[in-house]
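Fold and contact review
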Amino acid sequence: MDNALVRVGRALRIVLLVALALLFLIPFYLLVRNGLASEQDITSPEWTLFPPQLRWSNVTELFDDTSVPFARSLLNSALIAVATTLGTLLLASLAGYGLARIPYRHANKVFYAVLGTLMVPAAVTFVPSFVLVSSLGWISTLRGLIVPTLFSAFACFIFRQYFLGFPRELEDAAQVDGLGYWRTYWRIVVPNARPVFAAVGTIVFIGAWNSFLWPLVIGQDRNAWTVQVALSSFTTSQVIRLHELFIAAAVSILPLLVVFLCFQRWIVAGVERSGID
């Protein structure tokens, strides 16, 4: 009787998981379905699972469209997301390690000041940041799109909390061997903290890839557009190109899927260790 109940419970869990998986896959299905359809098939009142004819030429049309430099936008987003992720991981991990391990009587005050920045709305700092970037002549440049977003108080907080629980025995052994804080960080801490680096890095990468307002304001030249700005250009007051919008959205999420699949194991481990919710 107990074994039968266990099998029934397991079957119900599998059915529930499959149903939830299918539910979450619906947006991806719609992107692919509409991306490979014509305008008439997308707007037709008669819905079909797939259009009568799959238009793979929509992909070629997307990258051949001279009004929207989508390939350039993908490259810009990739450069910005990678640079922002690497820069944020370096700065935030160094700050978190310093606040957690280096003795300093004002360390808690600095930490609380960093946490205080999390309560400042982004709209408050948006205009001053734009004025600063403009005065430096960084409009429509990768520097203007990357540098102001490099430091994350949230990432600093996560690293600081993680390093507080990092085994001191490893660091003590490194100091006995004559390593200072800098070399201990690079040789001992970083190699043993890969899961939390992967978890935080994935969050930062997704945020940088999906950022829209700051790239829209700073990337005023078409060659400085990111993929999110390029997506918005497919729907204007004059024209709406639905098939290009859908196929472009489908292409734009592929890098995020690749990142998640590559770092999935470390991301899960990092979430467990760091307590990211």
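Quick caveat: nothing in here was measured; it's all calculated off a predicted structure.

When helices and strands are tallied, the protein chain shows 15 helices and 0 strands. With respect to the three principal axes, the spread of C-alpha positions in the protein chain is 75 × 70 × 35 Å. Evaluated residue by residue, the protein chain yields a buried proportion of 38% over its 277 residues. If you take every contact in the protein chain between residues at least 6 apart in sequence, the share linking residues at least 24 apart comes to 74%. Accessible surface computed for the protein chain: about 16,400 Å², of which carbon and sulfur atoms make up 68%. Here the protein chain contributes 19 positive and 15 negative side-chain charges, whose respective centroids are spaced 11 Å apart.

Attention now moves to the layout of surface pockets. For the largest pocket, the calculated volume is near 990 Å³. Where the lining of the largest pocket is concerned, the elements lending two or more residues are α4 (70-101), α6 (122-135), α8 (153-164), α11 (194-210) and α12 (213-218). For the lining of the largest pocket, the element with the most residues is α6, which contributes 5 residues. Across the lining of the largest pocket, the residue classes break down as 19 nonpolar, 9 polar and no charged. The calculated volume of the second largest pocket comes to roughly 230 Å³. If you trace the second largest pocket, you find 14 residues lining it, with T85, L89, G201, T202 and F263 closest to the centre. Breaking the lining of the second largest pocket down by element, the ones donating at least two residues are α4, α11 and α15 (254-274). With 6 residues, α11 is the largest single contributor of residues to the lining of the second largest pocket. Along the lines of polarity and charge, the residues of the lining of the second largest pocket split into 10 nonpolar, 3 polar and 1 charged.

In this structure the tally under the stated criterion is 3 salt bridges. A salt bridge links R101 to E171; the shortest N-O distance between them is 2.6 Å. With R101 in helix α4 and E171 in helix α9 (residues 168-176), this pair connects stretches of sequence that are 70 residues apart. Ionic pairing is found between E244 and R241, a salt bridge with its closest N-O pair at 4.0 Å. Across the pair, R241 and E244 agree in class, each one buried.

Right, let's talk about the confidence of the model for the protein chain for a bit. On average, residues of the protein chain carry a pLDDT of 87, and 95% of them reach 70 or more. α4 holds the highest mean pLDDT among the elements of the protein chain, 94, whereas α15 holds the lowest, 74.

For the rest of this paragraph, the subject is a nonpolar patch on the surface. Among the surface-exposed residues, L16, L17, L20, L23, F24, I26, L30 and W47 lie close enough to one another that they form a single nonpolar patch of about 820 Å² accessible area. Looking at where L30 falls in the secondary structure, it is placed in helix α1 (residues 2-35).

Once that is clear, we can look at the packing of aromatic side chains. Enumeration according to the criterion identifies 15 aromatic pairs in this entry. Ring centres 5.6 Å apart and planes at 90 degrees place the aromatic pair Y97 and F163 in the edge-to-face group. You can see Y97 sitting in helix α4 and its partner F163 sitting in helix α8, a full 66 residues away along the chain. For the residue pair Y97 and F163, the accessibility class agrees, reading buried in each case. Seen from their ring centres, F126 and W214 are 5.4 Å apart, and the 85 degrees between their planes marks the pair as edge-to-face.

Each value, and the rule that gives it
Residues numbered from 1 in each chain as written. Predicted model: local features only at pLDDT ≥ 70, side-chain atom pairs only at ≥ 80, totals over all residues. Heavy atoms only, no water. Helix = DSSP H or I, 4+ residues; strand = E, 2+ residues; numbered from the N terminus. Buried < 20%, exposed > 50% of the residue type's maximum accessible area, 1.4 Å probe, protein only. Contact = heavy atoms within 4.5 Å. Areas by Shrake-Rupley, 256 points an atom, 1.4 Å probe, with all protein chains shown as cover. Lys, Arg positive; Asp, Glu negative; His and termini not counted. Charge placed at Lys NZ, Arg CZ, Asp CG, Glu CD. 1 Å grid on protein atoms, 1.4 Å probe; cavity = no way out; pocket = protein on both sides within 12 Å on 5 of 7 lines; lining within 4 Å. Points joined across faces, edges and corners; volume = space filled by probe spheres on them. Nonpolar A, V, L, I, M, F, W, Y, C, P; charged D, E, K, R; others polar. Salt bridge = Lys/Arg side-chain N within 4 Å of Asp/Glu carboxyl O. pLDDT = per-residue confidence, 0-100. Patch = residues over 30% accessible without salt bridge, like charges linked within 9 Å, V, L, I, M, F, W, Y side chains within 5 Å. Phe/Tyr/Trp six-rings, centres within 6.5 Å; stacked < 30°, edge-to-face > 60°.

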